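Residue strings, one per chain:
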Amino acid sequence: MEAYLDHAATTPMRPEAVAAMLPFLTDRFGNPSGVHRVSRAARIALDEARDVAAACLGAEPGEIVFTGGGTEADNLAIAGVHAVIGGRVVCGATEHHAVLHACEALGGSTVAVDGDGLIDLDALADALDHDVSVVSVMLANNEVGTVQPLDAVAAVVRARAPRARLHTDAVQAFPWLDVAAIAAPADLVAVSAHKFGGPKGVGALVVRAGVHVAPLLHGGGQERGRRSGTHNVAGIVAMAAAMQATVETRAATVERVARLRDRLADGLLAVVPGAVETGARSGKVAGNCHLRFPDVESEALLLLLDAEGVCAAAGSACAAGAVDPSHVLTAMGLSGAEAASSMRFSLGVTTTDDEVDLALKTVPEAVARLRGA
Ligand code: PLP
């Protein structure tokens, strides 16, 4: 028995997505940029996938740029807009490194968050002026699951930095939130297929009509010159299938997974002495359970849990190998010791009651063992 509770790192591919991509790995192998029949078959599939992605993201087909994943989509949004209009770049302090480091590389600044991980709107207003060209605020955080009030963020940006383009990283939001509606105030929206049942290495950036991004990659001019390179047709088709399935089942998934998450979080808080939940649960996506267990090294806990078949994360998997405390938890006001005793259990579409039961049995035992009880 295994409990995979690391869906925020990546989630298994949906059967619909696997089935959708297989023909493009075999018979329908064409390069969609050509003119003959084999190319045309690939082009038709690419166009259909673009229509689906546009509908699922609340965009027009021409506003979709297919990318090699979430990191590339974030970088294209930030560096791409900055290359066109210059100026200053601003992002939230708890952004994923794909945004944070892209902003840092351009000399950008960060805006503080509160103890729940919500962006400080007054601090955001103070950071903005007519020189600001890009503001990036994520829809849902990858570590603690906090959902940002994008409407309020957009209102501040429009009032204080009228020249700025608003980018939102919706990579962690898409499985749980109606991104098509909620991200409507943003000029640019990034998603990544492997967080919602598509393959790794494919994503999309919505670039609204009238917003210009300079390409990161120069070459054949695909994606209307915004992202050169032969299309990953199989990956894109699979992403579209996963998007469609996610949107069609989202409401039911959120309800079911939130119930499992509550059972896990409440169960652990009830039985593990001193356990504390990070951030207000009501403000998180359904799949996030973030707890800290004082006097326990989360890295050691991870290994004990792994030996018992429970897969979780001590921080963001994308930052694996980093020894520093998580920048997200630090920005939320946690001390280094608190951050080092924090665990993320992230649930997904495939999570079952049996997996939650295994975690409810294993985590308290492992914590007690590490505390020498
Ligand atoms: N943004 C967020 C919020 C993420 O959680 C991740 C992945 O963990 C990314 C961006 C990067 O996406 P990708 O893994 O597709 O490059």
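Note that the coordinates shown come from a computational prediction; the quantities given were computed from them, not determined experimentally.

> Explain the sheet that holds strand S10 (residues 288-292) here, please?
Note on sheets: strands pair through backbone hydrogen bonds, and any given pair is parallel or antiparallel. Taken in spatial order, the three strands make up an open sheet running S9-S10-S12, and their pairing is antiparallel. The open sheet has two free edges, formed respectively by strand S9 (276-277) and strand S12 (342-346), since each of these has just one partner strand. As paired strands, S9 and S10 are joined by two bridges and run antiparallel to one another. Paired with Glu277 across the bridge in S10 is Leu291. Where helix H8 (residues 233-271) meets the sheet, it contacts S9, S10 and S12, and its direction lies at approximately 10° from that of S10.

> Teacher, can you tell me more about the packing of helix H1 (residues 15-25) against H8 here?
The geometry of a pair of packed helices is captured by two quantities: the angle between their axes and the separation between those axes. Running from N to C, H1 and H8 cross one another at 160°; their axes reach a closest spacing of 8 Å. Classified by the angle their axes make, H1 and H8 are roughly antiparallel. As H1 runs across H8, the sense of the crossing is right-handed. Where H1 approaches H8, its residues Glu16, Ala17, Ala20, Met21, Phe24 and Leu25 are matched on the opposing element by Val233, Ala234, Gly235, Val237, Ala238, Ala241, Ala242 and Ala245. Grouping the constituent residues of the contact of H1 with H8 by class yields 12 nonpolar, one polar and one charged.

> Where do I start with H8 in this structure?
Because the α-helix completes a turn every 3.6 residues, residues three or four places apart line up on one side. Given a rise of 1.5 Å per residue, 39 residues ought to cover 57 Å, yet the end C-alpha atoms of H8 are separated by just 49 Å, more than 12% below that figure. The largest bend in H8 is about 65°, located at Arg250.

> Help me understand the sheet that holds strand S2 (residues 64-67), please; the structure alone is not making it clear to me.
Strand order in the open sheet formed by seven strands is S2-S8-S7-S6-S5-S3-S4, with mixed pairing between adjacent strands. Edge positions in the sheet fall to S2 and strand S4 (109-111), since each has one partner strand and no second. Across the sheet, the mean angle from the axis of one strand to that of its neighbour is 20°, orientation sign disregarded. Helix-sheet contacts for helix H3 (residues 70-85) involve S2, strand S3 (88-92), strand S5 (132-136), strand S6 (165-169), strand S7 (188-192) and strand S8 (203-207), and the interaxial angle to S5 is about 165°.

> Which parts of the structure should I look at to understand unusual backbone geometry?
What is expected of a backbone is that most residues other than glycine have negative phi and most peptide bonds are trans. For Arg224, which is not a glycine, the phi torsion comes out positive at approximately 50°. Here Arg224 is to be found in the loop between S8 and H8. One non-glycine residue with positive phi stands out, namely Asp295, at about 70°. Structurally, Asp295 is set in the loop between S10 and helix H9 (298-307).

> Quick question: what am I supposed to make of the packing of aromatic side chains here?
The description of an aromatic ring pair uses the distance of the two centres, along with the angle that the planes make with each other. If you walk through the whole model with that rule in mind, you get one aromatic pair. A centroid spacing of 4.7 Å and a plane angle of 50° characterise the contact between Phe174 and Phe196, whose relative ring orientation is tilted. Highlighted residues: Phe174 in the loop between S6 and helix H7 (179-182) and Phe196 in the loop between S7 and S8, separated in sequence by 22 residues. The exposure class of Phe174 is buried, given its relative accessible area of 0%. Judged by relative accessible area, which is 3%, Phe196 ranks as buried.

> When you look at the pairing of S5 in this model, what are you seeing that I'm missing?
Side-chain positions along a regular strand alternate between the two faces of the sheet. A large share of S5 lies buried, amounting to five of its five residues. Alignment of S3 against S5, held across four bridges, turns out to be parallel. Across the sheet, Cys91 pairs through a bridge with Ser136, a residue of S5. Of the strand pairs in this sheet, S5 and S6 are connected by three bridges, and their pairing is parallel. Of the residues in S6, the one forming a bridge with Val135 is Leu166. Handedness of the β-α-β unit built from S5, helix H6 (residues 150-160) and S6 comes out right-handed.

Procedures and definitions
- Residues numbered from 1 in each chain as written.
- Predicted model: local features only at pLDDT ≥ 70, side-chain atom pairs only at ≥ 80, totals over all residues.
- Heavy atoms only, no water.
- Pairing = 2+ DSSP bridges.
- Helix = DSSP H or I, 4+ residues; strand = E, 2+ residues; numbered from the N terminus.
- Contact = heavy atoms within 4.5 Å.
- Axes fitted to C-alpha atoms, helices over the stretch in contact; angles between N-to-C directions.
- Parallel < 35°, antiparallel > 145°, perpendicular 65-115°, else oblique.
- Left-handed = near helix turned anticlockwise from the far one by under 90°.
- Nonpolar A, V, L, I, M, F, W, Y, C, P; charged D, E, K, R; others polar.
- Expected span 1.5 Å × (residues − 1).
- Bend = angle between axes of the 7 residues up to and from the residue.
- Phe/Tyr/Trp six-rings, centres within 6.5 Å; stacked < 30°, edge-to-face > 60°.
- Buried < 20%, exposed > 50% of the residue type's maximum accessible area, 1.4 Å probe, protein only.
- Right-handed = clockwise from strand over helix to strand, strands pointing away.

Function cannot be inferred from these measures alone, as they are strictly geometric.
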